[in-house]
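# Residue-level structure breakdown
Residue-level listing of the chains:
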Amino acid sequence: MSKVLIPRSLEQLWQLQAENKDNAVFAGGTDLLVKIRAGKPAPKALICLDRLDELKTITELPYEIALGAAVTPAQVLASPLIKNHFPVLNEALRHLGSPHIRNMGSLGGNIMTASPAGDSLPPLYVLQAAVELQSAAGTRKLQLKDFIRGPGQTQILQGEILSRIIIPKEPVFSHHFFEKVGLRQALAIAVVSLAALYNLDSKQTVSAIRLAWGSLGPTVVVQPEVEQFLLGKPLTTTRLTAAADLLKQRIEPISDIRAGADYRRRVAGNLLKRLNPNER
Ligand SMILES: Cc1cc2nc3c(=O)[nH]c(=O)nc-3n(C[C@H](O)[C@H](O)[C@H](O)COP(=O)(O)OP(=O)(O)OC[C@H]3O[C@@H](n4cnc5c(N)ncnc54)[C@H](O)[C@@H]3O)c2cc1C
């Protein structure tokens, strides 16, 4: 059985990591402890990040907002800063698990799990979030899209933790959209999700757009070609239907116990059509 260690400062964390080579960090444990219970080999030491104040704050910087990695989804949802600047993230976290999971889990844990169905990932991709990685040796910063390499795989190095998620405040988008389709209304893992940021001018023409689908590929799926197709044109049902057809030709969805590739392809297109408020 693993021993659980609870550092109260980053200095103490680095020391505990050095003294316990076979270790894993965790925040809420809603992914890691579930996997260990299901048979994943447990390390000798489990180091809890939940009492590190540095990782528990949401801070407004001049050009960015920084979220500590151990911030819970419930904490993000309660933050007026996030609600005002990044409604797309707010909307996605409203649908993550249950109230219990949203109080226990963490944003950093959701990123580190790097699940194709991780609810925070599509919004963080369209917001062009960066991750800050910290170790006893120093700090480095990477774009989230470069940090996640595949299901359960990231660029984190031995001895590093994910310390902060940093989201630029600019550019501002007038429309934030997130929708997730699951197998049931509540406590559902995404079968497909879509996060979108876009601006419309007075003629309803798309002047900027970013799209990211979750649960469609091994990691978040982006389609610059579909974005280009919508750019500079009115966001009509006809245009969105044509964009959905283009998307369906371009993607190679995953198949798993929740859904097959064909169903996912159809849902991914249908979610795109819902960018038109008349289709909701
Ligand atoms: C019943 C249930 C329902 C769920 N529903 C959803 C859902 O709808 N959507 C969804 O996206 N997820 C869901 N999850 C998965 C999980 O709750 C989330 O991914 C959650 O955000 C994980 O956060 P955590 O702090 O509990 O992660 P932990 O279990 O603490 O950690 C997960 C992984 O990340 C690593 N880690 C954690 N924090 C750090 C850090 N700061 N630096 C480096 N490594 C770190 C750990 O070593 C571990 O490998 C569900 C889980 C359960 C049990």
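Right, let's walk through the structure included here. (Residues numbered from 1 in each chain as written. Predicted model: local features only at pLDDT ≥ 70, side-chain atom pairs only at ≥ 80, totals over all residues.)

## A closer look at unusual backbone geometry
The peptide bond linking Glu 170 to Pro 171 adopts the cis configuration, its omega dihedral lying at -5°. Position of Pro 171 among the secondary structure elements: in the loop between β10 (161-168) and β11 (175-181). Notably, Gln 128 is not glycine yet its phi reads approximately 55°, a positive angle. Note that Gln 128 resides in the loop between α8 (121-126) and β6 (130-135). (Helix = DSSP H or I, 4+ residues; strand = E, 2+ residues; numbered from the N terminus.)

## Overview of the sheet that holds strand β13 (residues 206-214)
The three strands lie next to each other as β11-β12-β13, forming an open sheet whose pairing is antiparallel. The outermost strands of the open sheet, each flanked by one partner alone, are β11 and β13. Strand-to-strand twist across the sheet, computed as the mean angle between neighbouring axes with direction ignored, equals 10°. Bridging between β11 and strand β12 (residues 192-200) involves seven bridges; their strand directions are antiparallel. Pairing of Phe 178 across the sheet is with Ala 195, part of β12. Against the sheet, helix α5 (residues 87-94) contacts β11 and β12, and its axis sits at roughly 20° relative to β11. Strands β11, β12 and β13 of the sheet are contacted by helix α12 (residues 261-273), whose axis makes an angle of about 25° with β12. (Pairing = 2+ DSSP bridges. Axes fitted to C-alpha atoms, helices over the stretch in contact; angles between N-to-C directions. Contact = placed C-beta atoms within 7 Å.)

## Looking at the packing of helix α11 (residues 237-250) against α12
The interhelical angle for the contact between α11 and α12, taken along N-to-C directions, is 155°, at an axis separation of 8 Å. Considering their axes alone, α11 and α12 lie roughly antiparallel with respect to each other. Of the two elements, α11 crosses α12, and the hand of that crossing is right-handed. When α11 is examined against α12, the residues Thr 237, Leu 240, Thr 241, Ala 243, Ala 244, Leu 247 and Lys 248 are found in contact with a partner set consisting of Arg 265, Ala 268, Gly 269, Leu 272 and Lys 273. Looking at the contact of α11 with α12 residue by residue, the classes come out as six nonpolar, three polar and three charged. (Parallel < 35°, antiparallel > 145°, perpendicular 65-115°, else oblique. Left-handed = near helix turned anticlockwise from the far one by under 90°. Nonpolar A, V, L, I, M, F, W, Y, C, P; charged D, E, K, R; others polar.)

## Some points on the sheet that holds strand β4 (residues 58-60)
In a beta sheet, neighbouring strands pair by backbone hydrogen bonds and run either parallel or antiparallel. Ordered by their spatial adjacency, five strands build an open sheet running β4-β5-β10-β6-β7, and the pairing between neighbours is antiparallel. The open sheet has two edge strands, β4 and β7 (138-143), and neither has a second partner. Geometrically, the sheet is characterised by an average inter-axis angle of 25° between neighbouring strands, direction not taken into account. Where β6 lies against β10, five bridges are found, and the strand directions are antiparallel.

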